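Architecture and fold: a report
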Amino acid sequence: MSWTRAFILSSLSILLIITCKYLVSMEGIRAARQVFMAESDASNFFSQKRRSRRSPKSYAEVQAEQRMKRAASERRREYNEEQRDEYENYLEEDRDEVNERSRETNEQLREYHYDGLYPRFYWFH
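Just so you know, these numbers come straight off a predicted model, no measurement behind them. (Residues numbered from 1 in each chain as written. Predicted model: local features only at pLDDT ≥ 70, side-chain atom pairs only at ≥ 80, totals over all residues. Heavy atoms only, no water.)

Summing up its helical and strand segments, the protein chain has three helices and zero strands in all. Its helices and strands in sequence order give the protein chain the pattern α-α-α, from N to C terminus. Of the roughly 12,500 Å² of accessible surface on the protein chain, 58% is carried by carbon and sulfur atoms. (Helix = DSSP H or I, 4+ residues; strand = E, 2+ residues; numbered from the N terminus. Areas by Shrake-Rupley, 256 points an atom, 1.4 Å probe, with all protein chains shown as cover.)

Let us now look at the pattern of salt bridges. Within this structure, the stated rule accounts for six salt bridges. Two residues, Lys 57 and Glu 65, come together in a salt bridge whose shortest N-O distance is 2.5 Å. What makes Glu 65 partly exposed here is its relative accessible area of 32%. In this structure, Arg 77 and Glu 74 form a salt bridge, with 2.6 Å as the shortest nitrogen-oxygen distance. Linking Arg 77 with Glu 74, this pair stays in helix H3 (residues 59–113), spanning three residues, or about one helical turn. (Salt bridge = Lys/Arg side-chain N within 4 Å of Asp/Glu carboxyl O. Buried < 20%, exposed > 50% of the residue type's maximum accessible area, 1.4 Å probe, protein only.)

Size it by volume and the second largest pocket reaches roughly 180 Å³. For the second largest pocket, the full set of lining residues is Ala 60, Glu 61, Gln 63, Ala 64, Glu 65 and Arg 67. In terms of residue class, the lining of the second largest pocket is made up of two nonpolar, one polar and three charged. (1 Å grid on protein atoms, 1.4 Å probe; cavity = no way out; pocket = protein on both sides within 12 Å on 5 of 7 lines; lining within 4 Å. Points joined across faces, edges and corners; volume = space filled by probe spheres on them. Nonpolar A, V, L, I, M, F, W, Y, C, P; charged D, E, K, R; others polar.)

Scored by pLDDT, the protein chain comes out at a mean of 80, with 71% of its residues at no less than 70. Mean pLDDT values for the elements of the protein chain range from 67 in helix H2 (residues 39–43) up to 92 in H3. (pLDDT = per-residue confidence, 0-100.)

The full count for this structure, using the stated rule, is one aromatic pair. Measuring from centroid to centroid gives 6.3 Å for Tyr 87 and Tyr 90, while their planes differ by 35°, and the two rings are tilted. With Tyr 87 and Tyr 90 both in helix H3, this residue pair falls three residues apart, about one helical turn. On the basis of relative accessible area, Tyr 90 is assigned to the partly exposed category, the value being 49%. (Phe/Tyr/Trp six-rings, centres within 6.5 Å; stacked < 30°, edge-to-face > 60°.)

A word on a nonpolar patch on the surface. Judged by side-chain polarity, Trp 3, Phe 7, Ile 8, Leu 12 and Leu 15 come together as a nonpolar surface patch covering roughly 610 Å² of accessible area. With respect to the helices and strands, Leu 12 occurs in helix H1 (residues 2–35). (Patch = residues over 30% accessible without salt bridge, like charges linked within 9 Å, V, L, I, M, F, W, Y side chains within 5 Å.)

A few words now on a negative patch on the surface. A surface patch of negative charge is lined by Glu 78, Glu 82, Asp 85, Glu 86, Glu 88, Glu 92, Glu 93 and Asp 96. For Glu 92, a relative accessible area of 46% translates into the label partly exposed. (Lys, Arg positive; Asp, Glu negative; His and termini not counted. Charge placed at Lys NZ, Arg CZ, Asp CG, Glu CD.)

Encoded structure:
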């Protein structure tokens, strides 16, 4: 009985290790695609003629710059939106906590000052 349990446990652990290695390698491939440029772009990278500083930019250069600016703007917008959402959640929790504390304090004061009459006499002057 114990050897079957040991066999199953070892085979499950080996399966887990293989799965983890596979997932890590797939993530590495995905990250490499984002970091490195395509072969066609890489082969033309150094052979392209550079333009002088005063010559106008090509349409492709302008488009590439605009894409980079849009991507940076989008990342900045998402980051600011995430920060704003976190701050709003924090404020909401803080307000709830403050309201709860003040409500508890008011209830304690009412219980302390209650004179046994209902409705309380100092409410209706």
